Amino acid sequence: MYETVQILHSYWAYLVLLILTLATFNALIKLLGKKEFKNNDLRISLFAVIVSHVQLLIGLVLYFVSPLGLESIKTNGMGGLTSFARQVAVEHPFVGILGVILITIGFSKHKKKLTAAKKFKTITIYYFIAWLLILSRIPWSTWFD
Ligand code: HEM
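Conventions used here
Residues numbered from 1 in each chain as written. Predicted model: local features only at pLDDT ≥ 70, side-chain atom pairs only at ≥ 80, totals over all residues. Heavy atoms only, no water. Helix = DSSP H or I, 4+ residues; strand = E, 2+ residues; numbered from the N terminus. Buried < 20%, exposed > 50% of the residue type's maximum accessible area, 1.4 Å probe, protein only. Contact = heavy atoms within 4.5 Å. Axes fitted to C-alpha atoms, helices over the stretch in contact; angles between N-to-C directions. Parallel < 35°, antiparallel > 145°, perpendicular 65-115°, else oblique. Nonpolar A, V, L, I, M, F, W, Y, C, P; charged D, E, K, R; others polar.

**Q** Help me out: how do you make sense of unusual backbone geometry in this one?
**A** Comment: phi is negative for the bulk of residues other than glycine, and the bulk of peptide bonds are trans. Unlike most non-glycine residues, K34 shows phi in positive territory, near 50°. By secondary structure assignment, the location of K34 is in the loop between α1 (2-32) and α2 (39-65). Of the residues examined, K34 reaches a relative accessible area of 75% and is grouped as exposed.

Structure follows, in structure tokens:
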């Protein structure tokens, strides 16, 4: 169970980062280029919401089955975690959830905007912050181990 969920979370992460990067920079480039908001812009932004939500669900399951998740806090106590253990068990999940919330808010807010510029601006701001946060707390060393 643990290994399957861990592998799923690990590979799904490529898709999340790829789609989130594309959606973020698509919005930024089109904002700067004063482009129209087309169907493909909606699709890529929505796709980022969907893949990140799936990652959130897999991550939540992983949190309860991984020795590096809740188990590590139970065993060592909050104060006994090394900085790496704290990153994986506390910072990464917390910031991951925050990132997904920002993506969801950004997507829902852009729908209420009436001009293309405002839509692209909303997506750029929310997705870019989520992108930075998520990237800043990925346990890179275990990912590529
Ligand atoms: C939303 C974006 C997220 C991305 C892109 C992401 C990505 C990753 C990556 C690349 C790893 C390293 C995988 C490996 O070592 O093979 C990882 C590990 C982990 N993630 Fe996430 N994650 C996200 C959200 C979450 C959330 C929301 C939670 C929990 C609530 C979570 C819980 C975990 C746990 C517990 C591990 C350690 C797994 C282990 O090696 O045992 N992740 N994540």
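**Q** For this particular structure, what's the right way to read the side chain of H9?
**A** Mapped onto the elements of the fold, H9 is located in helix α1. Excluding residues within four positions of it along the chain, H9 makes contact with Q55, I58, G59, L62 and H92.

**Q** Please clarify how the packing of helix α4 (residues 83-112) against helix α5 (residues 116-136) should be interpreted in this entry.
**A** Each pair of packed helices gets described by two things: the angle between the helix axes and the distance between those axes. Look at α4 against α5: their axes get within 8 Å of each other, and the N-to-C directions meet at 175°. If you check the angle between α4 and α5, you find them roughly antiparallel. For the pair α4 and α5, contact is made by V95, L98, G99, L102, I103, I105, G106, F107, K109, H110 and K111 and by K119, T122, I123, Y126, Y127, I129, A130, L133 and I134, respectively. Partitioning the contact of α4 with α5 into residue classes produces 13 nonpolar, four polar and three charged.

By themselves, these are just geometric observations and shouldn't be taken as functional.
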